[in-house]
Amino acid sequence: MGMALDEPETEDKVVIINEVRVAIDPQLEHEVNELVIEYDRGRNAIVLSGNESECV
């Protein structure tokens, strides 16, 4: 699973989270319920975090 700074695809579900417009692929919607988008100062990056128990 990844994150991109692109325009939403026609089939994407678009929601506003903390004033940020986010497009979610409907096939992945059930997997992103617990994810958090946050800024990681150590990596100087925006990251998705959560679902650690499912990571390989």
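The structure we're discussing is the one just above.
Analysis parameters
Residues numbered from 1 in each chain as written. Predicted model: local features only at pLDDT ≥ 70, side-chain atom pairs only at ≥ 80, totals over all residues. Heavy atoms only, no water. Pairing = 2+ DSSP bridges. Helix = DSSP H or I, 4+ residues; strand = E, 2+ residues; numbered from the N terminus. Buried < 20%, exposed > 50% of the residue type's maximum accessible area, 1.4 Å probe, protein only. Lys, Arg positive; Asp, Glu negative; His and termini not counted. Salt bridge = Lys/Arg side-chain N within 4 Å of Asp/Glu carboxyl O. Polar contact = N/O pair within 3.5 Å; in protein donor to acceptor, adjacent residues only side chain to side chain. Contact = heavy atoms within 4.5 Å. Patch = residues over 30% accessible without salt bridge, like charges linked within 9 Å, V, L, I, M, F, W, Y side chains within 5 Å. Areas by Shrake-Rupley, 256 points an atom, 1.4 Å probe, with all protein chains shown as cover. Charge placed at Lys NZ, Arg CZ, Asp CG, Glu CD.

Enquirer: What exactly am I supposed to notice about the pairing of strand β3 (residues 36-40) here?
Expert: Bridge count between β3 and strand β4 (residues 45-49): five bridges; the pairing is antiparallel. Considered in β4, the bridge of Glu-38 is made with Val-47. Where β3 hands over to β4, the hairpin turn is made up of four residues, of which Asn-44 adopts a positive phi near 50 degrees.

Enquirer: For this particular structure, what's the right way to read the side chain of Asp-12?
Expert: Relative to the assigned elements, Asp-12 resides in the segment before β1 (13-17). Among buried charged residues, Asp-12 stands out as having no salt bridge; its nearest opposite-charge side chain is Arg-21, 8.4 Å away. Within polar-contact distance, the side chain of Asp-12 engages the backbone nitrogen of Glu-9 at 2.9 Å. Setting aside residues no more than four positions away along its own chain, Asp-12 makes contact with Ala-23, Ile-24, Asp-25 and Pro-26.

Enquirer: Hey, could you run me through a negative patch on the surface in this one?
Expert: Negative charge collects at one region of the surface, where Asp-6, Glu-9, Glu-11 and Asp-25 lie side by side. Positionally, Glu-11 belongs in the segment before β1.

Enquirer: How should I be thinking about the pairing of strand β2 (residues 20-24) in this particular structure?
Expert: Where β1 and β2 come together, five bridges link them in antiparallel fashion. Each bridged residue has a counterpart across the sheet, and for Lys-13 the counterpart in β2 is Ile-24.

Remember that the coordinates give geometry; whether it matters functionally is a separate question.
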